[in-house]
Amino acid sequence: MSQQTAARRPVVEDHSEGMDQFKTLPRRIITVYLPLAVFVFVLLFPFYWMAITAVKPDHQLTNYTDYSPFWVVQPTLEHIRFLLFETSYPGWLWNTMLVAVASTAISLAASVFAAYAIERIRFTGARVTGLLIFLAYLVPPSILFIPLAFIVFQVGIFDSRLALILTYPTFLIPFCTWLLMGYFRTIPFELEESALVDGATRWQILTKVVLPLAVPGLISAGIFAFTLSWNEFIYALTFISSSENKTVPVGVLTELVRGDIYEWGALMSGALLGSLPVVILYSFFVDYYVSSMTGAVKE
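Below, the structure is looked at part by part. (Residues numbered from 1 in each chain as written. Predicted model: local features only at pLDDT ≥ 70, side-chain atom pairs only at ≥ 80, totals over all residues. Heavy atoms only, no water.)

**Some points on the overall build of the chain**
And step 1. Looking only at helices and strands, the chain features 16 helices and 2 strands.
And step 2. When the 299 residues of the chain are sorted by exposure, 35% land in the buried category.
And step 3. Taking contacts inside the chain between residues at least 6 apart in sequence as the whole, the part at least 24 apart equals 71%.
And step 4. Of the roughly 17800 Å² of accessible surface on the chain, 69% is carried by carbon and sulfur atoms. (Helix = DSSP H or I, 4+ residues; strand = E, 2+ residues; numbered from the N terminus. Buried < 20%, exposed > 50% of the residue type's maximum accessible area, 1.4 Å probe, protein only. Contact = heavy atoms within 4.5 Å. Areas by Shrake-Rupley, 256 points an atom, 1.4 Å probe, with all protein chains shown as cover.)

Dropping the structure here:
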């Protein structure tokens, strides 16, 4: 009987041998630490280069004989002072923030309705509509800005922040809709059926059931939309001509490059300061961003 009982017991496989490669220090260095160090170096070196260039004196920027290009001797804040007080950079920063926040809000509002209608309200051609929306996001802005420029001129909003606020959703809404469609798909449909049984309307279901559960997805879509708006260049270059209405990507490139003279210290200072809002945004909402990517709602 003991042999039969032993034969009936399930065999538990030992998978610990597969992790032996991480137990010794040399193997951990080769398989973990070295790839991680390469990844961190590639990721952070551009920011390091911007930072040291922003605080380097002018005579050190090109004198590689007496000074190392990877280190700073006698750092200075002159480039940052020049950027903030002798250029229109604060105004560019405000324009970028206003345009990014407004266009992100408009895009999220439209994307929520579009994604919910495609995923939850059954109608003929819903899947085809979702596919077409995603394909619309794949159309490059270098093609879209030509007809959009004609509309902007006809409406009379050229050289205004309103031109960017109304044109940015043309590439933000398809992307946010596609992203929210995938997240709404992870929300159990039984929750909405229970609300329908209790007499709730579609609007009440959307605002009181779906949206509270979809907060991680909304934050993730908002971060992506804000980042795309913040870094957008082609539309801002085409639809804005006056210096006071320019955004950071366009203003830094067009105003700090005078012919063949490049203000490298001011350029790197502008790029570094311009990247800080996006970094701060990601640092605050990184938990929601990760949960939306992995699907936070379980049945």
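**Focus on the pattern of salt bridges**
And step 1. Taken as a whole and judged by the stated rule, the model has 6 salt bridges.
And step 2. Linking glutamate 78 and arginine 81 is a salt bridge whose minimum nitrogen-to-oxygen distance equals 2.6 Å. Of the two residues, glutamate 78 and arginine 81 are both situated in helix 4 (residues 78-85); the distance of 3 residues between them amounts to about one turn of the helix.
And step 3. Salt-bridge contacts for arginine 120 lead to glutamate 192; the nearest nitrogen and oxygen are separated by 2.5 Å. Of the two residues, arginine 120 sits in helix 5 (residues 89-120) while glutamate 192 sits in helix 10 (residues 189-197), which places them 72 residues apart along the sequence. By the burial criterion, arginine 120 is buried, and glutamate 192 matches it.
And step 4. Salt bridges here are not isolated pairs; linked through shared partners, they connect Glu78, Arg81 and Glu86. (Salt bridge = Lys/Arg side-chain N within 4 Å of Asp/Glu carboxyl O.)

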